[in-house]
Amino acid sequence: MSKSLIQRISPFLIARIKQNHQLLRSAFCSSSSALHEGSSESLSLDAVHMTDNCVKRMKELQASEKSSEDKMLRLSVETGGCSGFQYVFDLDDKTNPDDRVFVREGIKLVIDDISYDFVKGATVDYVEELIRSAFVVTTNPSAVGGCSCKSSFMVKQ
C-alpha cells in the first residue's frame with residue numbers, strides 16, 4: 001500500500017519541485033546584480049528588518065567568540081520544506097557582489113539578490129521556545145502561507 005502511495009504522489013512532488021525551480025530561475029533573471037547597502041531603520045517598504053531580539057542575539061554571538069566578531073547574519077531562500085520554500089540562516093564573514101546588506105546598530109543582515117525577491121519587507125527575529133532557539137522570519141509580505149515551524153513558506157503567484 002505504501003508503495004502505491006509513493007507512486008501516486010511522486011508526480012505531484014516532481015511537478016512541485018520543477019515549479020519551485022522555475023520560480024527561483026525567473027526571480028534570478030529579473031533581479032539586479034547591484035550591491036545595495038541600506039539600513040533597517042529606513043522607511044523603505046522593501047527593506048528587511050531586524051527585531052531587537054535579533055540584534056541582541058547577534059551581539060551576544062559576536063561577543064562570545066573572537067572568531068565571530070565580524071560575522072554577519074545571512075538569510076537565504078531555498079526550495080524545499082513542507083510549503084515549497086524554506087528560510088536558511090547562516091553566519092558569514094564575507095559579502096558577495098550580488099548581496100544586499102541591511103544594518104541595524106552595527107549588526108549586518110546579508111541577503112543575496114535571488115533570496116531578496118522572496119523576503120522584501122520581511123522581519124527577522126530571534127525566538128527562544130521550548131523546542132528550539134533560532135532566527136526566524138516572523139512576517140513576510142511575499143508569503144501567502146507557511147508551516148507552523150516558520151521555517152518554510154509559499155509565495156504569492
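Use the structure listed above.
Residues numbered from 1 in each chain as written. Predicted model: local features only at pLDDT ≥ 70, side-chain atom pairs only at ≥ 80, totals over all residues. Heavy atoms only, no water.

Enquirer: Would you take a moment to explain the sheet that holds strand β2 (residues 49-50) for this structure?
Expert: For sheets, the rule is that strands pair by backbone hydrogen bonds, running either parallel or antiparallel. With mixed pairing, the three strands of this open sheet are ordered in space as β2-β7-β8. Each having just a single partner strand, β2 and β8 (133-139) make up the two edges of the open sheet. Pairing of strand β7 (residues 123-128) with β8, which is carried by six bridges, proceeds in the antiparallel orientation. Bridged to T123 within β8 is T139. Relative to β7, helix α2 (residues 52-64) is tilted by about 65 degrees, and along the sheet it contacts β2, β7 and β8. (Pairing = 2+ DSSP bridges. Helix = DSSP H or I, 4+ residues; strand = E, 2+ residues; numbered from the N terminus. Contact = heavy atoms within 4.5 Å. Axes fitted to C-alpha atoms, helices over the stretch in contact; angles between N-to-C directions.)

Enquirer: Is there a simple way to explain the side chain of D112 in this structure?
Expert: By secondary structure assignment, the location of D112 is in strand β6 (residues 107-112). R74 provides the closest opposite charge to the buried, salt-bridge-free D112, at an N-O distance of 5.0 Å. A polar atom in the side chain of D112 sits 3.2 Å from the backbone nitrogen of I114. (Buried < 20%, exposed > 50% of the residue type's maximum accessible area, 1.4 Å probe, protein only. Lys, Arg positive; Asp, Glu negative; His and termini not counted. Salt bridge = Lys/Arg side-chain N within 4 Å of Asp/Glu carboxyl O. Polar contact = N/O pair within 3.5 Å; in protein donor to acceptor, adjacent residues only side chain to side chain.)

Enquirer: Would you mind showing me how to read the packing of aromatic side chains here?
Expert: Any two aromatic rings considered together are summarised by their centre-to-centre distance and by the angle between their planes. Under the definition given, this model contains four aromatic pairs. Here the aromatic rings of F89 and F135 are separated by 6.0 Å at their centres, their planes lie at 35 degrees, and the arrangement is tilted. Within this pair, whereas F89 is found in strand β4 (residues 85-92), its partner F135 is found in strand β8, the two being separated by 46 residues in sequence. For the pair F102 and Y116, a centre-to-centre distance of 6.0 Å together with 25 degrees between the ring planes defines the contact as stacked. Here Y116 lies in helix α3 (residues 113-119) and F102 lies in strand β5 (residues 99-104), a separation of 14 residues in the sequence. (Phe/Tyr/Trp six-rings, centres within 6.5 Å; stacked < 30°, edge-to-face > 60°.)

Enquirer: Where do I start with the pattern of salt bridges in this structure?
Expert: Opposite charge on two side chains lets them pair, provided their charged atoms get close. Applying the stated criterion across every chain, the model contains nine salt bridges. Taking the shortest distance from any N to any O, the salt bridge between E105 and K59 comes out at 3.1 Å. Of this pair, E105 sits in the loop between β5 and β6 while K59 sits in helix α2, and the two are 46 residues apart along the sequence. Since its relative accessible area comes to 35%, K59 is described here as partly exposed. For D113, the salt bridge goes to R100, with nearest N and O atoms at 2.7 Å. In this pair, D113 is assigned in helix α3 and R100 in strand β5, connecting sequence segments 13 residues apart. Since its relative accessible area comes to 3%, D113 is described here as buried. For R100, a relative accessible area of 15% translates into the label buried.

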